[in-house]
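Residue-level structural notes
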Amino acid sequence: MTSRISKRVRAMHGYVPGEQPTGDGVIKLNTNENPYPPSPAVTQALLDLDTNSLRRYCDPMCVQLRTAIARLHGRSIEEVLVGNGSDEILALCTRAFLEQDETTGYLDPSYSLYPVLSEIQGCRPVEIPVGTDFEWPAPAAFDVPRWERCRLFFITNPNAPAGTLYAPDAVREFAGGFAGVVVVDEAYADFSSSNCLSLLGALDNVLISRSLSKSYALAGLRCGYALGPPDLIQALHKIKDAYNVDAITQALALASISDQDTFRCNVDRIIATRTRLSDALTARGFDVHASQSNFLWVRPSTTSAGALFEGLKQRNIYIRYFDGPRTRDFVRISIGTDEEIDALLAAIDEISGS
Ligand SMILES: Cc1ncc(COP(=O)(O)O)c(C=O)c1O
């Protein structure tokens, strides 16, 4: 019998999200969530919500939320689009900016959703390998098949899984010489010492994607946004689902963004714990990659990365292991609370037999 499912969908692999273990005593350091609660203003906004208002459709253009985001970044509302998580922003970009037979580029390794989005769109990927120490690719790395048809390029900055920050000047130089659209995926930029916001207004082919999942502690809410030139933002608005961001999300995201004090306090705490964990693992002989994100990318000293991952999992501590050629010697550890990090270090010592 012929399948009802398109050949393209049958052939593709699909995105595999990080494990979401449940139950008591689980320490979850595997999907870069924020270990602290969202702003109390989010709780209040939820309590204040008039459920009768849900009879009506929500604002399809998210005007209040976009106004707040525009004000936060000193941009105009025409330069802002809100999405159902930043994943939706990335998906809309593949739909809006690619013709058939064109290709999607991204750094390798980086966010594993990009090849999936590219496949869904029926486009082929172009992977540009980062340097041996996960640094910005050497010029020769761009000398790859199908490069000339690359019309959309994703740069995760800071990158995942290594946490490397690429200098805005490197991104600016790359985007200045690229004919298509460059999406700078800044899901982790709030944890970093710089970002690419200065490229807005300077280059007409750069979009910046941001997420409320990490720094605002709202991964379950699903809200992200894009900043960029009005013509590109307008194209994304044209193709999005009419009501892509529901009324509850709009209200809670607005409350969250309006409380910058809680946001800053949580981000600072995570950065301080990142330094503490980095020092503690370095002292244990781990090779710790300099991270500008809310996670660390480390090569263990006394066990293999796979064995450490399994050993921690047996102790109910979840970190992330990617079994690829560039990644299999490392594990990625999301920054948790100080108590969670103490438990992690104790478990690592137990596994290492020290
Ligand atoms: C690099 C990167 N971009 C985007 C996302 C998705 O974020 P959101 O929850 O806003 O869809 C993630 C999630 O882990 C990520 O790692």
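Residues numbered from 1 in each chain as written. Predicted model: local features only at pLDDT ≥ 70, side-chain atom pairs only at ≥ 80, totals over all residues.

What follows concerns the domain arrangement of the chain. Often the size quoted for an interface is simply the accessible area lost on bringing the parts together. Taken as a whole, the chain is organised into domain 1 (7-38 + 261-352) and domain 2 (40-259). In this assembly, 30 residues from domain 1 lie in contact with 28 residues from domain 2. When residues in the side of domain 1 that touches domain 2 are grouped by element, the largest group, seven residues, is from helix H9 (residues 260-283). A class-by-class count of the residues in the side of domain 1 that touches domain 2 yields 13 nonpolar, 12 polar and five charged. (Domains from an automatic or database assignment. Contact = placed C-beta atoms within 7 Å. Helix = DSSP H or I, 4+ residues; strand = E, 2+ residues; numbered from the N terminus. Nonpolar A, V, L, I, M, F, W, Y, C, P; charged D, E, K, R; others polar.)

Let's shift gears to the sheet that holds strand S9 (residues 287-288). Taken together, the three strands give an open sheet; going across it, the order is S9-S10-S12, and neighbouring strands pair in antiparallel fashion. Edge positions in the sheet fall to S9 and strand S12 (331-334), since each of these pairs with one other strand and no more. Sheet topology places S9 next to strand S10 (residues 295-299); two bridges connect them, and they run antiparallel. Each bridged residue has a counterpart across the sheet, and for Asp 287 the counterpart in S10 is Arg 299. In the packing of H9 onto the sheet, contacts are made with S9 and S10, and the angle to S10 comes to roughly 10°. (Pairing = 2+ DSSP bridges. Axes fitted to C-alpha atoms, helices over the stretch in contact; angles between N-to-C directions.)

Within strand S6 (residues 181-185), five of the five residues are buried, which leaves the element mostly enclosed by the surrounding structure. Residues of S6 alternate between two faces, with Val 181, Val 183 and Asp 185 on one and Val 182 and Val 184 on the opposite face, all of them buried. Relative to S6, strand S5 (residues 150-156) is paired through five bridges, and the arrangement is parallel. Looking at S6, one finds that Thr 156 is bridged to Asp 185. Running through helix H6 (residues 168-176), the crossover from S5 to the neighbouring parallel element S6 is right-handed. Pairing geometry for S6 and strand S7 (residues 206-211), over four bridges, is parallel. When the sheet's bridge partners are listed, Val 182 is paired in S7 with Val 206. (Buried ≥ 20, exposed ≤ 12 C-beta atoms within 10 Å, placed from the backbone. Right-handed = clockwise from strand over helix to strand, strands pointing away.)

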